[in-house]
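# Inside the fold
In case you want the letters, here they are:
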Amino acid sequence: MVHVLGSRILLRPTDPERSRVFYGEQLGLAVYREFATGPERGTVYFLGGGFLELSGRSDTPADTADPAVRLWLQVADVTAVHGELKDKGVEIVRPPVKEPWGLIEMWIADPDGTPIVLVEIPADHPLRYRPGI
């Protein structure tokens, strides 16, 4: 059995500084730690119960047409987040929509095109409320 003590998502951005501005300033993610120096230094951000690490540099962006990689971030109020991100100049790929499965989802992308879904789980959704259990 693998006993996981911690975990994080690793991204190798094509332009690390641009990505740090996006995740740190536009999305407002709090910094967990930073390491090394220079333009390709590492920055690790809090993601609720996990972490997102930007480190190193990639010559090409990830294949964003591949549905295997997505960031899923739960927020308390996706409508409020929509307004805040628009005010900060973040391109909204898709505004908040209540999905047939009951979650309210909004889509954005990071500077390299990595898809990010921001999700609000309504109070009466089974992920939060299960009557009789």
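Look a little higher up for the structure.
A brief structural summary. (Residues numbered from 1 in each chain as written. Predicted model: local features only at pLDDT ≥ 70, side-chain atom pairs only at ≥ 80, totals over all residues. Heavy atoms only, no water.)

Okay, the layout of surface pockets next. Of the voids in this model, the largest pocket is the one considered here, and its volume is about 320 Å³. In terms of lining residues, the largest pocket is bounded by 18 residues, among which Leu29, Leu73, Gln74, Val75 and Leu118 are the most central. Looking at the lining of the largest pocket, the elements with two or more residues in it are β3 (42–47), β5 (71–74) and α2 (78–87). With four residues, β5 is the single largest residue contributor to the lining of the largest pocket. (1 Å grid on protein atoms, 1.4 Å probe; cavity = no way out; pocket = protein on both sides within 12 Å on 5 of 7 lines; lining within 4 Å. Points joined across faces, edges and corners; volume = space filled by probe spheres on them. Helix = DSSP H or I, 4+ residues; strand = E, 2+ residues; numbered from the N terminus.)

For helix α1 (residues 16–26), every residue scored as buried is listed here: Pro16, Ser19, Arg20, Phe22, Tyr23 and Gln26. Positive backbone phi, approximately 75°, marks Gly28, located one or two places after α1. (Buried < 20%, exposed > 50% of the residue type's maximum accessible area, 1.4 Å probe, protein only.)

The subject of this paragraph is the packing of aromatic side chains. Here the structure, examined in full by the defined rule, presents five aromatic pairs. Ring centres 6.4 Å apart and planes at 35° place the aromatic pair Tyr23 and Tyr45 in the tilted group. Taken as a pair, Tyr23 in helix α1 and Tyr45 in strand β3 lie far apart in primary sequence, 22 residues in all. Relative to Phe51, the ring of Tyr32 lies with its centre 4.3 Å away and its plane at 40°, an arrangement referred to as tilted. (Phe/Tyr/Trp six-rings, centres within 6.5 Å; stacked < 30°, edge-to-face > 60°.)

As a further point, take the environment of Arg41. Inspection of the secondary structure puts Arg41 in the loop between β2 (31–35) and β3. Separated by 14 residues in the primary sequence, Arg41 and Ser55 have C-alpha atoms spaced 5.9 Å apart. If we skip the residues at most four places from it in the chain, Arg41 touches Glu17, Arg20, Glu34, Phe35, Ala36, Leu54 and Ser55. (Contact = heavy atoms within 4.5 Å.)

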